[in-house]
Amino acid sequence: MPATTLDTSLENDLARELREKVASGNLELPVLSQTATQVASMCMDGAADARSLANALNHDPALAGHVLRVANSAKYAPVEPIVSLQQAVSRMGMSTVGQIAYAVAIGSRVFHAPGHDEWVHEMWRHAALTAGWAREIARVKRTSVEGAFVCGLLHDVGEPVLLQAAIDLLARAKTNATREQLEPLLHELHGAAGARLARAWKMAPWIADAIENHHAAGVLQSCQDASIVLLADELAVRMERDEEQFLDNARRELPSTHVVEQLNLYDDDLETLLGRVQAVRDFAGALQ
């Protein structure tokens with residue numbers, strides 16, 4: 001017998017159950033691989049060298065293979081093929097290799113939900129673009145590029161986690177739901193769910209705070225990390241909405257936005273930032 005369509009009462013039940021799971025901490029969370037955790041730590045503390053990063057990646061052939069594929073891509077255009085991870089680190093830099101490896105690990109662990117492949121792919125593309133913009137904003141602000149990257153990559157990570165939880169709950173009820181029914185609930189809860197995931201993965205408290213609060217204007221006075229994520233998120237959304245008109249619209253509309261004021265970005269800063277649109281596009285593409 002095919003599953004029935006979600007009705008209003010079941011929709012309310014689903015919303016209540018997901019809210020309770022997030023609030024109580026009973027939400028099932030994906031486990032980050034040991035290699036990904038090690039790579040993230042190396043990149044965040046800046047204490048590792050090319051050899052130690054390469055050795056860590058060698059423990060995960062899938063990650064190593066992806067890094068080598070990116071290192072040999074048209075974006076980096078090596079004169080001679082890169083055949084080792086140490087060569088890749090030398091070519092792209094510790095920071096970029098670590099970020100690519102970490103992103104691949106996150107994507108494989110979190111961004112999948114059977115039956116919703118297109119939707120989850122959109123989530124992942126948005127995460128990659130936001131991570132790319134967060135890196136560039138951090139450079140303009142002369143703050144931690146690695147920290148901004150992680151916050152940008154994970155800012156909406158609660159959405160695929162909640163989607164998988166919803167799929168499991170709906171399967172037990174022998175029903176299903178449309179994207180239109182699920183999206184508002186995922187948007188409501190994704191910040192809190194993402195923060196729980198960051199804490200479960202033993203990330204720094206400020207990363208969890210930025211993930212949880214990136215949509216809340218009230219925290220911008222005291223949380224630059226959340227402000228960076230919010231602006232990166234806004235830039236990614238604008239690119240996705242209309243890439244052809246992105247630069248014209250951003251130059252016209254962004255200077256008066258609250259988040260730009262909170263980050264104390266001047267016109268020259270914004271022009272520098274928007275001048276890096278191709279770098280963001282290339283970087284996000286390398287993560288897919």
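Residues numbered from 1 in each chain as written. Predicted model: local features only at pLDDT ≥ 70, side-chain atom pairs only at ≥ 80, totals over all residues. Heavy atoms only, no water.

Engineer: Quick question: what am I supposed to make of the environment of valine 161 here?
Structural biologist: Inspection of the secondary structure puts valine 161 in helix H9 (residues 158–172). Discounting chain neighbours no more than four positions away, the residues touching valine 161 are Leu27, Glu28, Leu29, Pro30, Val110 and Leu197. (Helix = DSSP H or I, 4+ residues; strand = E, 2+ residues; numbered from the N terminus. Contact = heavy atoms within 4.5 Å.)

Engineer: Can you help me understand helix H11 (residues 205–213) in this one?
Structural biologist: One turn of the α-helix equals 3.6 residues, which is why residues spaced by three or four share an orientation. For H11, the complete set of buried residues consists of Ile207, Ala208, Ala210 and Ile211. Along the long axis of H11, the arc covered by the buried residues comes to 160°, so they all point the same way. (Buried < 20%, exposed > 50% of the residue type's maximum accessible area, 1.4 Å probe, protein only. Arc of directions from axis to C-beta.)

Engineer: Is there a simple way to explain the nonpolar core in this structure?
Structural biologist: Considering soluble globular proteins, one finds that nonpolar side chains tend to be buried as a cluster. Counting residues in hydrophobic clusters, the biggest one holds 105 residues, and the most contacted among them are Tyr102, Ile106, Trp133 and Leu231. Those residues in contact with isoleucine 106 that lie beyond four places of it in its chain are Leu32, Phe111, Trp124, Leu153, Leu154 and Trp201. (Core = buried A, V, L, I, M, F, W, Y, C linked by side-chain atoms within 4.5 Å.)

Engineer: Looking at this structure, how should I read the pattern of salt bridges?
Structural biologist: Between side chains of opposite charge, a pair can form when the charged atoms approach closely. Scanning all chains against the criterion turns up 13 salt bridges. Glutamate 253 serves as the salt-bridge partner of arginine 252, at 3.4 Å between the closest nitrogen and oxygen. Classification of arginine 252 by relative accessible area gives exposed; the value is 55%. For glutamate 253, a relative accessible area of 32% puts it in the partly exposed group. A cluster of three or more residues bridged by salt bridges with shared partners is formed by Glu234, Arg238, Arg252 and Glu253. (Salt bridge = Lys/Arg side-chain N within 4 Å of Asp/Glu carboxyl O.)

By themselves these figures say nothing about function.
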